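Structural features, examined
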Amino acid sequence: MRNRQLGLSLGGLIFGSIVLIFVILFGLKIGPDYMEYFTAKEAITAIANSGETSPGEIRKSFAARQAIDNMPSLQPSDLNVSREGGAVVISFAYRKEVPLAGNMGVYMDFQASAVGR
């Protein structure tokens, strides 16, 4: 009785490598936009908990963080500042288009909000 050999064929290796390369390239294209979103979300959470109450102070503080943390897709004027009860609520929403190849691209909608203490 012959033992069945287990392993990976050359065709399977090439196909798997191609799929892995496309996944890595896709991640490298959209990764910076997600990092920018999470940085902006952390910034508004920190600002909401800092105790600043006026929209002007909040936008000024966000502009300072934006200059340091490199968030070009979101401007201080894009922030929505409101009050719920006695707490400050800061939110934003924006759309980012990332071209992939040729005429293909990805639209990503980002939104976040933070409520102060």
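Above this text you will find the structure in question.
Residues numbered from 1 in each chain as written. Predicted model: local features only at pLDDT ≥ 70, side-chain atom pairs only at ≥ 80, totals over all residues. Heavy atoms only, no water.

Below, the discussion takes up the packing of aromatic side chains. Overall, the coordinates contain six aromatic pairs when judged by the stated rule. Residues Tyr34 and Phe110 carry aromatic rings whose centres are separated by 5.2 Å and whose planes lie at 85° to one another, so their mutual orientation is edge-to-face. Placement of the pair is Tyr34 in helix α1 (residues 10–48) and Phe110 in strand β3 (residues 104–115), with a sequence separation of 76 residues. Judged by relative accessible area, which is 5%, Phe110 ranks as buried. Pairwise contacts between aromatic rings join Tyr34, Tyr37, Phe38, Phe92, Tyr94 and Phe110 into one cluster. Of note, Arg95 hangs over the ring of Tyr107, and the distance from its end group to the ring centre comes to 5.0 Å. (Phe/Tyr/Trp six-rings, centres within 6.5 Å; stacked < 30°, edge-to-face > 60°. Helix = DSSP H or I, 4+ residues; strand = E, 2+ residues; numbered from the N terminus. Buried < 20%, exposed > 50% of the residue type's maximum accessible area, 1.4 Å probe, protein only. Lys NZ or Arg CZ within 6 Å of the ring centre and 35° of its normal.)

Here helix α2 (residues 55–69) spans 20 Å end to end across 15 residues, near enough to the 21 Å set by a 1.5 Å rise per residue. Three or more residues of α2 are buried, namely Ile58, Ser61, Phe62 and Gln66. One side of α2 holds all its buried residues, which, seen down the axis, span an arc of 145°. In α2, the exposed positions angled more than 90 degrees off the buried face are occupied by Gly56, Lys60, Ala67 and Ile68. Here the buried face of α2 lies against α1, β1 (80–84) and β2 (87–101). In the segment just after α2, Asn70 is the residue with positive phi, at about 60°. (Expected span 1.5 Å × (residues − 1). Arc of directions from axis to C-beta. Contact = heavy atoms within 4.5 Å.)

Interpretation in functional terms is not warranted from these geometric data alone.
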